[in-house]
Amino acid sequence: MAKMIKSPNIVNSFNEWDPLEEIIVGRVDGAVVPYLTREFKTFAKPEYWEFFKQYGGKPYPKEMLNKGKEALDNLQKTLEDEGVVVKRPEVIDFSKTYKTLYFESCGFNSGNVRDCLMVIGNEIIESSMAYRCRYFEFEAYRELIKEYFKKGAKWTAAPKCSMSNELYDQDFPVDDPKKCEELILSGRYITTEFEPCFDAADFTRFGRDILVSRSLVTNNFGIEWMRRHLGPEYNIHVVRFLDNSPMHMDTTWVPIGEGRVLTCPDRPCLDKHILDMFIRSKWEIITPPAGLCPPEIPLHLTSRWLSMNILMLDENRVVVEASEEPTIKFFKNLGLKPITVDFKHFFPFGGGLHCSTCDIRRKGTLKSYFIN
Ligand code: ABU
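Read on for a plain summary of the structure. Because the structure is a prediction, the values reported are computed rather than measured. (Residues numbered from 1 in each chain as written. Predicted model: local features only at pLDDT ≥ 70, side-chain atom pairs only at ≥ 80, totals over all residues. Heavy atoms only, no water.)

## Section: the sheet that holds strand β10 (residues 235-238)
- Reading across the sheet, the three strands line up as β8-β9-β10 and stay open at both edges, with mixed pairing between neighbours. Across the chains shown, the open sheet's two edge strands, defined by having one partner strand only, are β8 (203-206) and β10. The sheet shows a mean angle of 25° between the axes of neighbouring strands, direction not considered.
- Two elements, β8 and strand β9 (residues 209-212), share four bridges in a ladder whose sense is antiparallel. Along β9, the bridge assignment pairs T204 with L211.
- Helix α7 (residues 272-280) contacts β8, β9 and β10 of the sheet and is inclined by roughly 130° relative to β10. (Pairing = 2+ DSSP bridges. Helix = DSSP H or I, 4+ residues; strand = E, 2+ residues; numbered from the N terminus. Axes fitted to C-alpha atoms, helices over the stretch in contact; angles between N-to-C directions. Contact = heavy atoms within 4.5 Å.)

Listed below in structure tokens is the structure:
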């Protein structure tokens with residue numbers, strides 16, 4: 001085995017805004033369109049079901065793929081120009097059909113690193129995930145993780161989901177999106193509590209306090225696993241938002257520095273005790289303008305609020321999609337320096353600037369930002 005050089009803090013990140021030194025930016029090379037399975041109907045936007053019916057199991061159309069790759073390369077260059085070290089995952093073959101004990105699927109893509117990996121301090125945690133087409137996505141990051149481990153990082157893989165039929169509510173009215181929305185608002189989801197499942201992007205890090213939402217892909221079992229795994233050093237706060245399609249917190253409640261958090265006006269926070277915690281601790285809760293998202297960009301899996309799916313380089317610099325003029329102006333008015341990047345062609349692959357990255361190292365230590 002190669003010699004292990006332990007450099008402390010090769011992996012080090014506790015929040016979303018400390019000065020960024022190193023990051024992983026995803027890839028869409030080899031991306032494959034997921035099949036429109038029962039459970040996937042609740043993840044994909046109904047207006048795009050036809051796309052998934054037509055292309056399910058096939059590579060993404062060439063032009064879409066090339067533009068998606070270019071968007072991620074643009075992000076890499078922008079970050080490097082700002083002095084950030086950028087690492088990219090391995091290219092893996094998502095077109096291979098795989099068969100587990102419980103299901104058969106093709107893959108998807110490794111563009112949305114934020115869902116798969118979470119960094120807490122010097123530990124990299126692989127999510128258990130909940131999409132069958134993402135079952136093997138962790139493979140794309142294993143070479144990088146092994147390197148970080150050899151240099152001293154901690155490495156944990158959360159319990160792998162079986163993703164058997166028991167994980168998905170077999171009575172969920174997947175063909176009736178309106179009914180699904182009503183059920184979701186009443187607290188019933190496509191994912192059951194059969195086994196722990198979570199996407200890392202449902203957790204938002206504020207030092208010792210971590211917020212998490214029950215979503216389509218993160219269940220209470222998964223949240224409890226994380227709570228026990230992280231132990232008493234961290235406070236895990238479960239928070240609810242008014243959201244009929246909850247999927248990741250990074251377009252809903254987004255910290256932009258110590259004491260400032262963005263709130264999506266379409267998805268207000270429903271928990272008074274959480275709002276009180278922010279207000280008591282003198283945090284400003286700020287509403288950003290609506291996302292424009294150019295109409296020619298198909299948002300197969302996401303909302304137009306990808307405009308607030310930004311990446312903080314530190315408390316002054318914010319990476320924003322170049323066409324989101326109102327958001328750019330909004331950040332300037334807050335006294336921040338927007339760093340713009342042409343990134344919109346990544347949106348069809350399921351995320352924005354925050355989704356497509358996972359910060360590996362930020363200069364900072366574990367702190368409390370709240371009076372609990
Ligand atoms: N993966 C983040 C997408 C969330 C949204 O649709 O707003």
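## Some points on the site of the ligand
- Taken together, M247, H248, D250, T251, R267, T302, S303, G350 and C355 make up the full set of residues adjacent to the ligand.
- Here an oxygen atom of the ligand sits 3.1 Å away from a polar atom, N or O, in the side chain of R267.
- Between the ligand and S303 there is a distance of 2.6 Å, counted from an oxygen atom to a side-chain nitrogen or oxygen.
- Bound to the protein, the ligand loses 96% of the 250 Å² it would expose on its own.
- Taken atom by atom, the bulk of the ligand overlaps the largest pocket.
- Classifying every residue of the shell around the ligand gives two nonpolar, five polar and two charged. (Near = heavy atom within 4 Å. Polar contact = N/O pair within 3.5 Å; in protein donor to acceptor, adjacent residues only side chain to side chain. Areas by Shrake-Rupley, 256 points an atom, 1.4 Å probe, with all protein chains shown as cover. 1 Å grid on protein atoms, 1.4 Å probe; cavity = no way out; pocket = protein on both sides within 12 Å on 5 of 7 lines; lining within 4 Å. Sits in = over half its atoms within 2 Å of the grid points. Nonpolar A, V, L, I, M, F, W, Y, C, P; charged D, E, K, R; others polar.)

## A short note on the nonpolar core
- The biggest cluster of nonpolar side chains holds 74 residues, and the ones touching the most others in it are F40, L79, L117, Y131, Y148, V319 and F343.
- Counting residues per element, this core draws most heavily on helix α2 (residues 62-81), which supplies five residues.
- With residues up to four places along the chain from it excluded, the contact list for L79 reads I23, V25, V84, V86, L311, L313 and V319.
- Counting residues in hydrophobic clusters, the runner-up holds 30 residues, among them M249, V261, C264 and C269. (Core = buried A, V, L, I, M, F, W, Y, C linked by side-chain atoms within 4.5 Å. Buried < 20%, exposed > 50% of the residue type's maximum accessible area, 1.4 Å probe, protein only.)

## Things to note about the sheet that holds strand β1 (residues 20-25)
- The strand order β2-β1-β17 describes an open sheet built from three strands, whose pairing is mixed. Two strands lie at the open edges of the sheet, namely β2 (85-87) and β17 (357-362), each paired on one side alone. When the angles between neighbouring strand axes are averaged without regard to direction, this sheet yields 25°.
- Pairing geometry for β1 and β17, over five bridges, is antiparallel.

## Things to note about the packing of aromatic side chains
- Tallying each qualifying case throughout the model produces 31 aromatic pairs.
- Here the aromatic rings of W17 and Y369 are separated by 5.0 Å at their centres, their planes lie at 70°, and the arrangement is edge-to-face. You can see W17 sitting in the segment before β1 and its partner Y369 sitting in the segment after β17, a full 352 residues away along the chain.
- A relative accessible area of 1% means that W17 is categorised as buried. (Phe/Tyr/Trp six-rings, centres within 6.5 Å; stacked < 30°, edge-to-face > 60°.)

## Describing the environment of P265
- Along the chain, P265 turns up in the loop between β12 (260-263) and α7.
- By relative accessible area, which is 40% here, P265 ends up partly exposed.
- The sequence separation of P265 and T357 amounts to 92 residues, and the corresponding C-alpha distance is 24 Å.
- The residues touching P265, leaving out its near neighbours within four places in the chain, are T287, P288 and W305.

## What about the layout of surface pockets?
- A volume near 710 Å³ is recorded for the largest pocket.
- Looking at which element gives the most residues to the lining of the largest pocket, the answer is helix α5 (residues 177-185), with four residues.
- Residues belonging to the lining of the largest pocket are distributed by class as follows: 16 nonpolar, ten polar and eleven charged.
- In this structure, the second largest pocket encloses a volume near 340 Å³.
- For the lining of the second largest pocket, the residue count by class is eleven nonpolar, five polar and five charged. (Points joined across faces, edges and corners; volume = space filled by probe spheres on them.)

## Here we look at α7
- Among the residues of α7, those classed as buried are I274, M277 and F278. Along the axis of α7, the buried residues cluster in a sector spanning 95°; they form a single face. For α7, the exposed residues lying more than 90 degrees away from the buried face are K272, H273 and I279.
- Summarising the contacts, the buried residues of α7 are in contact with β8, β9, β10, β11 (253-257), β12 and β13 (284-286). (Arc of directions from axis to C-beta.)

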